[in-house]
Amino acid sequence: MSCVGCKDGAGFDLPITMAFQPIVNVSTQTVFAYEALVRGKDGAGAGQVLAQIADHNRYAFDQVCRTTAIELAAGLDMAATGANLSINFLPNAVYEPRACIRATLAAAMRTGFPVNKIIFEFTESEAMDADHILNILRSYRAMGFKTAIDDFGAGYAGLGLLTLFQPDIVKLDMALIRNIDTDPVKRTIVRNTLNMLRDLGVEPVCEGVETPAEHDVLRDLGVDLMQGYLLARPALEALGLVAWPRAASLARTA
């Protein structure tokens, strides 16, 4: 089955590359995954690249991002570290999951990157057809990929989608994490969201962690997986070093 709509990436002319930002387990001090973040080959940031996307090249852009992320990750020997590769995808850039995944699978086979180490995450940045999203997520799971919902708490479907499909991972939106140490309302919302996700068997990730105080509150709430500038910034075409939180902070929940 061929991917007629996305044309295997043909049609997106802006050269791109990827920066990788770690998602870390602060309890075991290991890297759980690296999220691939698009960048321009000319140094353009993600915003400048994404501004070039329109209806005529959305499908091609999605395909190029997937294959570029896999090729770079394989070249960096990411799988050997034990970490997963997290790739963002655009649900509206997927015609039919099993057709549009062909280039992704080919890149994984060509580079030897294990399919079970790939996480596909999406953000509910626009109103989308729930049946279409569910078809994508269920198809990806059946093919051995992990799935994740990004920016949970800021999207359209949210809880409604969780009633129909429980992904492997849910990433809590950074707006919920910012200043959580001084905001009792946010702590209550995050605490109860974490309890709900655990009851559903979904692994929570808190993103946008920028201060030691935010980190400490999340540790007190039992969060292991975190992502943010406090821990590591995106590294262009590299697996950046992680600045692990101070030992005293970790000891508070030991």
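Look up: the structure comes first, before these words.
Residues numbered from 1 in each chain as written. Predicted model: local features only at pLDDT ≥ 70, side-chain atom pairs only at ≥ 80, totals over all residues. Heavy atoms only, no water.

**Some words on the overall build of the protein**
Then step 1. Regarding its fold elements, the protein presents 10 helices and nine strands.
Then step 2. Per-residue burial over the protein gives 50% buried out of 254 residues.
Then step 3. Contacts spanning at least 24 positions in sequence make up 72% of the contacts within the protein whose residues lie at least 6 apart.
Then step 4. When the accessible area of the protein is evaluated, it comes to approximately 11200 Å², of which 53% is carbon and sulfur surface. (Helix = DSSP H or I, 4+ residues; strand = E, 2+ residues; numbered from the N terminus. Buried < 20%, exposed > 50% of the residue type's maximum accessible area, 1.4 Å probe, protein only. Contact = heavy atoms within 4.5 Å. Areas by Shrake-Rupley, 256 points an atom, 1.4 Å probe, with all protein chains shown as cover.)

**So, helix α8 (residues 184–199)**
Then step 1. With 16 residues, α8 extends 23 Å between its outermost C-alpha atoms, agreeing within 8% with the 22 Å of an ideal straight helix rising 1.5 Å per residue.
Then step 2. Among the residues making up α8, those that are buried are Lys-186, Val-190, Thr-193, Leu-194 and Leu-197. Taken down its axis, α8 places every buried residue within 105° of arc, on the same side. Pointing more than 90 degrees away from the buried face of α8 are the exposed residues Val-185 and Asp-199.
Then step 3. Summarising the contacts, the buried residues of α8 are in contact with β5 (146–152), α6 (159–164), β6 (169–172), α7 (174–177), β7 (203–207) and α9 (212–220).
Then step 4. A positive phi of about 75° marks Gly-201, the residue just after α8. (Expected span 1.5 Å × (residues − 1). Arc of directions from axis to C-beta.)

**Section: the pattern of salt bridges**
Then step 1. Counted by the stated rule, this structure contains 11 salt bridges.
Then step 2. A salt bridge links Glu-35 to Lys-171; its shortest N-O distance comes to 3.0 Å. Here Glu-35 is found in strand β2 (residues 30–40), whereas its partner Lys-171 is found in strand β6, with 136 residues between them in sequence. Taken individually, Glu-35 and Lys-171 each receive the classification buried, so the pair is uniform in this respect. (Salt bridge = Lys/Arg side-chain N within 4 Å of Asp/Glu carboxyl O.)

**A short note on the packing of helix α2 (residues 58–75) against helix α4 (residues 102–111)**
Then step 1. Closest axis-to-axis distance for the α2/α4 pair is 9 Å, and the angle between their directions is 15°. With respect to α4, the axis of α2 lies roughly parallel. Along this stretch, α2 crosses α4, giving a crossing that reads as right-handed. Between α2 and α4, the contacting residues are Gln-63, Arg-66, Thr-67, Ile-70, Glu-71 and Ala-74 on the first element and Ala-103, Thr-104, Ala-107, Ala-108, Arg-110 and Thr-111 on the second.
Then step 2. In terms of residue class, the contact of α2 with α4 is built from five nonpolar, four polar and three charged. (Axes fitted to C-alpha atoms, helices over the stretch in contact; angles between N-to-C directions. Parallel < 35°, antiparallel > 145°, perpendicular 65-115°, else oblique. Left-handed = near helix turned anticlockwise from the far one by under 90°. Nonpolar A, V, L, I, M, F, W, Y, C, P; charged D, E, K, R; others polar.)

**A look at the pairing of strand β4 (residues 118–123)**
Then step 1. Of all six residues making up β4, five are buried, and the element is well covered by its neighbours.
Then step 2. In this structure, strand β3 (residues 84–88) lies alongside β4, joined through four bridges in parallel fashion. Counterpart to Ile-87 in the pairing with β4 is Phe-120.
Then step 3. As paired strands, β4 and β5 are joined by five bridges and run parallel to one another. Looking at β5, one finds that Phe-122 is bridged to Ile-149. (Pairing = 2+ DSSP bridges.)

**Here's the deal with the environment of Phe-152**
Then step 1. Checked against the element boundaries, Phe-152 lands in strand β5.
Then step 2. The class of Phe-152 is buried, set by a relative accessible area of 7%.
Then step 3. The spatial distance from the C-alpha of Phe-152 to the C-alpha of Met-174 is 9.0 Å, given a sequence separation of 22 residues.
Then step 4. Leaving out residues up to four positions away in the same chain, Phe-152 has contacts with Gly-158, Leu-159, Leu-162, Val-170, Lys-171, Leu-172, Asp-173, Leu-176, Thr-193 and Met-196.

**What about the environment of Arg-98?**
Then step 1. Position of Arg-98 among the secondary structure elements: in helix α3 (residues 97–100).
Then step 2. By relative accessible area, which is 45% here, Arg-98 ends up partly exposed.
Then step 3. Separated by 42 residues in the primary sequence, Arg-98 and Tyr-140 place their C-alpha atoms 8.2 Å from one another.

**Topic: the pairing of β7**
Then step 1. With four of five residues buried, β7 is to be regarded as a mostly interior element.
Then step 2. Where β6 and β7 come together, four bridges link them in parallel fashion. In the sheet register, Leu-172 faces β7, and the bridge partner there is Cys-206.
Then step 3. Here three bridges tie β7 to strand β8 (residues 225–227), and the two strands are oriented parallel to one another. Each residue of the ladder has a partner; that of Glu-207, found in β8, is Gln-227.
Then step 4. What joins β7 to β8 is α9, and the crossover it makes is right-handed. (Right-handed = clockwise from strand over helix to strand, strands pointing away.)

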